[in-house]
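Fold and geometry: a report
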Amino acid sequence: MGCIENKSAPAAGDGKSGKDFNPFEIMEPRPPSKTPADRKFGKHVKANDIPPEGVYLPNNNYLAPHMKSPEFVQLSNAAAITLGIMDGRMYRCECTRCLNLLLTYPEGCRANCAYCGLARHREADRDYADRNFIRVDWPAVPMSDIVDIVAKDPDNSPFHRMCISMITHPRSEDDTFTVLKQWTDRIDPEAIPVSILSNPTTMTRDDVQRTRDLGADIFTVALDAATPDVFDRTRGKGVQSPHKWSRYWEIMLDAKDIFGPQKFGAHIIVGMGETEYEVLKLVQELVDLGGHSHMFCFFPEQGSLMDHLPATPRDQWRRVQLARYLIDYRDVRVEHMKFDELGRVKSYGISDAELSDVIDAGIAFRTSGCPGKFQDDVSACDRPYGDSPPSDIASYPFQPKKKDIKQIRKQLDIPVSVE
Ligand code: SF4
């Protein structure tokens, strides 16, 4: 299987709820346990004085206290393979089109989001640089090495976009500016545009403006939860985490003003206890504001506070993927769709023939995110197997083939008609 397969991958919708969706009642994170004092804030990592050397491959036993942003960033396995600094192959993908970067510090992210592999509670048993995030490892590399490689020929780079993911850390704004500037000083953002995946909890409107001034193209907010209740339970006071739904919206509306239409949006994870109607109402709200939604299928990340919960059943996920695509790119409105008493999509607001064409085109089921150079509805950010194992793909990081569409139609419970 692909080089980034996670060893223990719970099945999607394993029947825990007995339903074809993940209801709010069962999606309760476990409480975080107490971190021993000698493991807090990366203390035992900082107690060492080992200099970082070249590419750091996560291995859980090499303590490198100086490996921190802005000099160092982590990048996804897929990006490291595409950049040529790591060996490996990806199942049915030649490369990734997005260079996803993550700020890094020995003390790690100071938030505690229940679904996230980078969360603070993990300092009890795993160093920050060794933590899995969206199912894959994130090697650490000097930022200057990355820029040197890409700057050689940006116009012919496999990457159609670069993205800086901020984390919750007192240095993350300043370091984001430095990393962004280091990139735009050497690489024309017209050749490879830059997105910012922001952390609103520590940001101001001026910070948003600064990312724009330094050449960022799209600004997104990792809202992740689709409702205020799910947000509080998974990344607010429910898990001793500092985030607030209202703050995320304030910064997103700042981004709307500063970046303009089609240049801002929100990440949403589907299947953490919201209904299909609730998440699609949010998708509609974002479209009405002029923005986009980037969807992730909930997967129980190993080591997270939700690793005991079922992945989103494929039925629920496919319905939401399809409906979201219609709202985002085909001018269908949530009010045109029909939902049952449990909030599940019952009809999509267009004719069967049109719906069939959209399904067979397959784009609705690809990974969603910021666009690349192919077309507006094809995301550069393909995140290979970031929300599912390759054996049961949720977001397709490639154009689905006929056999994939047959499988998708079965999951949607819509008769197979692909020739
Ligand atoms: S703020 Fe982001 S990186 Fe930090 S725990 Fe939450 S989701 Fe993970």
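It should be noted that the structure appears before, not after, this text.
The structure reproduced in this document is the subject of the present report.

What counts as what
- Residues numbered from 1 in each chain as written.
- Predicted model: local features only at pLDDT ≥ 70, side-chain atom pairs only at ≥ 80, totals over all residues.
- Helix = DSSP H or I, 4+ residues; strand = E, 2+ residues; numbered from the N terminus.
- Rg over C-alpha atoms; globule rule 2.2 N^0.38 Å.
- Buried ≥ 20, exposed ≤ 12 C-beta atoms within 10 Å, placed from the backbone.
- Contact = placed C-beta atoms within 7 Å.
- Near = placed C-beta within 6 Å.
- Nonpolar A, V, L, I, M, F, W, Y, C, P; charged D, E, K, R; others polar.
- Pairing = 2+ DSSP bridges.
- Axes fitted to C-alpha atoms, helices over the stretch in contact; angles between N-to-C directions.
- Parallel < 35°, antiparallel > 145°, perpendicular 65-115°, else oblique.
- Left-handed = near helix turned anticlockwise from the far one by under 90°.
- Expected span 1.5 Å × (residues − 1).
- Right-handed = clockwise from strand over helix to strand, strands pointing away.

**Considering the overall build of the protein**
Of the regular secondary structure elements, the protein holds 11 helices and 10 strands. Taking 419 residues into account, the globule formula puts the C-alpha radius of gyration at 22 Å, and the protein, at 20 Å, falls close to it. Dimensions along the principal axes, computed over C-alpha positions, put the protein at roughly 65 × 50 × 45 Å. Put simply, the protein has 419 residues, and 50% of those count as buried. Look at the contacts in the protein between residues 6 or more apart in sequence, and 74% of them connect residues 24 or more apart.

**Describing the site of the ligand**
Lining the immediate surroundings of the ligand are Cys109, Ala111, Cys113, Cys116, Leu118, Ala119, Ile167, Thr168, Asn199, Ala222 and Arg235. By residue class, the composition of the shell around the ligand is eight nonpolar, two polar and one charged.

**Some remarks on the sheet that holds strand β3 (residues 140-142)**
Taken together, the eight strands give an open sheet; going across it, the order is β3-β1-β2-β4-β5-β6-β7-β8, and neighbouring strands pair in mixed fashion. Edge positions in the open sheet fall to β3 and β8 (292-297), since each of these has one partner strand only. Each adjacent strand pair in this sheet contributes to an overall mean axis angle of 30°, direction not counted. Relative to the sheet, helix α7 (residues 245-259) contacts β5 (194-198), β6 (218-224) and β7 (264-270), its axis offset from that of β6 by approximately 165°. Sheet strands touched by helix α8 (residues 276-289): β7 and β8. Its angle to β7, the strand with the most contacts, is close to 175°.

**Some points on the packing of helix α3 (residues 143-151) against helix α4 (residues 172-186)**
Running from amino to carboxyl end, α3 crosses α4 at an angle of 25°, the nearest separation of the two axes being 10 Å. The pairing of α3 with α4 is recorded here as roughly parallel in orientation. Remark: the crossing between α3 and α4 carries right-handed chirality. Together, Met143, Val147 and Ala151 of α3 and Val179, Gln182, Trp183 and Arg186 of α4 make up the contact between the two elements. For the contact of α3 with α4, the class distribution of residues is five nonpolar, one polar and one charged.

**Here's the deal with α8**
Here α8 contains 14 residues, and its C-alpha end-to-end distance of 20 Å stays within 8% of the 20 Å for a straight helix at 1.5 Å per residue. Residues of α8 that are buried: Glu276, Val279, Leu280, Leu282, Val283, Gln284 and Leu286. Of the surrounding elements, those touching the buried residues of α8 are β7, β8, α9 (314-329), β9 (338-339) and β10 (345-347). Once α8 finishes, Gly290 follows within two positions and takes phi at roughly 105°, a positive value.

**Some thoughts on the packing of α8 against α9**
The interhelical angle for the contact between α8 and α9, taken along N-to-C directions, is 20°, at an axis separation of 10 Å. The angle between the axes of α8 and α9 places the two elements in the roughly parallel class. In this structure, α8 meets α9 at a crossing whose hand is right-handed. Taking contact as the criterion, the partners of Glu276, Val279, Leu280, Val283, Gln284 and Val287 in α8 are, on α9, Gln316, Arg319, Val320, Ala323, Arg324, Ile327 and Asp328. Of the residues that constitute the contact of α8 with α9, the class distribution is seven nonpolar, two polar and four charged.

**Focus: the pairing of strand β4 (residues 161-165)**
Counting buried residues along β4, five of its five residues qualify, which places the element largely inside the surrounding structure. Side chains Arg161, Cys163 and Ser165 project from β4 onto one buried face, and the interleaved Met162 and Ile164 project onto a second face that is buried too. Direction of pairing for strand β2 (residues 98-103) relative to β4: parallel, over a ladder of five bridges. Across the sheet, Asn100 pairs through a bridge with Cys163, a residue of β4. Strand direction decides the pairing type here: β4 and β5, joined by four bridges, are parallel. By the bridge assignment for β5, Cys163 is matched with Ser195. In this view, the connection linking β4 to its parallel neighbour β5 by way of α4 has right-handed handedness.

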